[in-house]
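Notes for the structure review
Chain by chain, the residues run as shown.
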Amino acid sequence: MINVNELKNGVVIEYDGKLMQIIEFMHVLQNKVAYVRVKMKDMRTGTVTETALKGSDSSFKRCYIDKKEMQYLYNSGDSYAFMDMETYDQIEIPAERLDWEKNFLLDGMTVSVTMYESEILGVVLPDKVEMTVVDTEPAVKGDTKTNALKDATVETGYVVKVPMFIEKEEKIILSTQTGKYAGRA
């Protein structure tokens with residue numbers, strides 16, 4: 001059990017029957033009433049909730065999330081397959097759970113699969129990934145001196161804005177948090 005005053009960023013608690021990860025918290029004293037303003041993310045659905053918790057609120061069950069290094073194998077259409085690197089066991093995660101992550105998954109990539117007890121919650125990608133540009137428009141002469149951007153499609157089908165000097169078949173680095181271009185590889 002964890003008390004309201006012990007909440008910290010990254011801690012996962014059970015709140016209203018949901019697995020909630022603390023994103024932000026702030027202790028507030030307003031009109032001589034103390035409370036903690038909390039922003040939490042549902043680990044199952046990804047929805048973000050903001051609420052105020054009073055110090056008198058009951059304590060919460062602290063939930064420990066396991067992370068296991070796994071290798072991405074393939075996409076079967078409605079699910080994504082991953083293999084445990086130690087036991088060679090395979091698991092499948094439904095595609096709807098990986099709406100954002102699928103834009104950056106490459107065959108053979110090592111990721112962290114998050115689990116609570118035996119329930120698979122999702123995938124934690126590396127901060128940055130290297131991808132190959134498979135389609136982009138050629139740079140127009142004169143546009144390379146400004147900060148003009150153009151669309152580029154990478155090998156997973158994800159479309160990202162890149163500088164004008166990036167060409168087809170070039171390797172680039174993308175941030176998996178923002179989905180933005182982070183540099184040349």
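Preceding this paragraph is the structure being described.
Residues numbered from 1 in each chain as written. Predicted model: local features only at pLDDT ≥ 70, side-chain atom pairs only at ≥ 80, totals over all residues. Heavy atoms only, no water.

Observations regarding the overall build of the protein
A tally of helices and strands in the protein yields zero helices and 15 strands. Taken over C-alpha atoms, the radius of gyration comes to 21 Å for the protein, far larger than the 16 Å a tight globule of 185 residues would show. Taken along the three principal axes of its C-alpha coordinates, the protein extends 65 × 50 × 25 Å. Buried residues in the protein amount to 37% of all 185 residues. Long-range pairs, those at least 24 residues apart, make up 40% of the contacts in the protein between residues at least 6 apart in sequence. Roughly 11300 Å² of accessible area belongs to the protein as shown, and the carbon and sulfur atoms make up 47% of that amount. (Helix = DSSP H or I, 4+ residues; strand = E, 2+ residues; numbered from the N terminus. Rg over C-alpha atoms; globule rule 2.2 N^0.38 Å. Buried < 20%, exposed > 50% of the residue type's maximum accessible area, 1.4 Å probe, protein only. Contact = heavy atoms within 4.5 Å. Areas by Shrake-Rupley, 256 points an atom, 1.4 Å probe, with all protein chains shown as cover.)

A word on the sheet that holds strand 7 (residues 79-84)
If you trace the five strands from one edge of the open sheet to the other, you get 8-7-6-9-10, paired in antiparallel fashion. Each of the sheet's edge strands pairs with one partner strand only, and the pair in question is strand 8 (90-94) and strand 10 (119-124). In this sheet, adjacent strand axes meet at a mean angle of 45° when their direction is disregarded. Pairing of strand 9 (residues 110-116) with strand 10, which is carried by five bridges, proceeds in the antiparallel orientation. Looking across to strand 10, one finds that Val 113 is bridged to Val 123. (Pairing = 2+ DSSP bridges. Axes fitted to C-alpha atoms, helices over the stretch in contact; angles between N-to-C directions.)

Notes on the packing of aromatic side chains
Summed over all chains, the structure comprises six aromatic pairs. Their ring planes at 55° and their centres at 5.2 Å tell us that Phe 104 and Tyr 158 sit as a pair that is tilted. Of this pair, Phe 104 sits in the loop between strand 8 and strand 9 while Tyr 158 sits in the loop between strand 12 (149-154) and strand 13 (159-163); the two residues are 54 residues apart in sequence, bridging distant segments of the chain. Each member of the pair, Phe 104 together with Tyr 158, is buried. An aromatic cluster is present here, built from Tyr 72, Tyr 80 and Phe 82 joined pairwise through their rings. (Phe/Tyr/Trp six-rings, centres within 6.5 Å; stacked < 30°, edge-to-face > 60°.)

Details of the sheet that holds strand 2 (residues 18-30)
Taken together, five strands build an open sheet; the order of strands is 4-3-2-1-5 and the sheet is antiparallel. In this open sheet, the two strands that pair with only one neighbour each are strand 4 (48-54) and strand 5 (61-63). Neighbouring strand axes in the sheet, compared pairwise and without regard to direction, differ in orientation by 45° on average. Examined bridge by bridge, strand 1 (residues 12-15) and strand 5 share three bridges and lie antiparallel to one another. Within strand 5, the residue paired with Ile 13 across the bridge is Arg 62.

What to know about the nonpolar core
Soluble globular proteins tend to pack their nonpolar side chains together in the buried interior. In terms of nonpolar packing, the biggest core is built from 27 residues, with Phe 82, Leu 105, Val 111, Val 123, Ile 172 and Leu 174 touching the most fellow members. Breaking this core down by element, the ones donating at least two residues are strand 6 (66-75), strand 7, strand 9, strand 11 (128-136), strand 12, strand 13 and strand 14 (171-175). Formed by 13 residues, the second largest nonpolar core is a distinct cluster that contains Ile 2, Ile 22, Val 38 and Leu 53. (Core = buried A, V, L, I, M, F, W, Y, C linked by side-chain atoms within 4.5 Å.)

Some details on the side chain of Thr 51
Of note, Thr 51 is situated in strand 4. Ignoring any residue separated from it by four or fewer positions in sequence, one finds Thr 51 in contact with Tyr 15, Val 36, Arg 37, Val 38 and Met 40.

Let's talk about the pairing of strand 14
Where strand 11 lies against strand 14, five bridges are found, and the strand directions are antiparallel. Across the sheet, Met 131 pairs through a bridge with Ile 172, a residue of strand 14. By the bridge criterion, three bridges tie strand 14 to strand 15 (residues 181-184) in an arrangement that is antiparallel. Paired with Ile 173 across the bridge in strand 15 is Gly 183. If you look at the hairpin formed by strand 14 and strand 15, you'll find five residues sitting between the two strands, and Gly 179 has a positive phi there, around 80°.

Structural notes on the pattern of salt bridges
When their charged atoms lie close together, side chains carrying opposite charge are able to pair. Using the criterion set out here, one finds six salt bridges in the structure. The shortest N-O distance in the salt bridge between Lys 161 and Asp 151 comes to 3.0 Å. You can see Lys 161 sitting in strand 13 and its partner Asp 151 sitting in strand 12, a full 10 residues away along the chain. On the accessibility criterion, Asp 151 (38% relative accessible area) is partly exposed. Among the charged side chains, a network of salt bridges with common partners joins Arg 44, Arg 97 and Glu 119. (Salt bridge = Lys/Arg side-chain N within 4 Å of Asp/Glu carboxyl O.)

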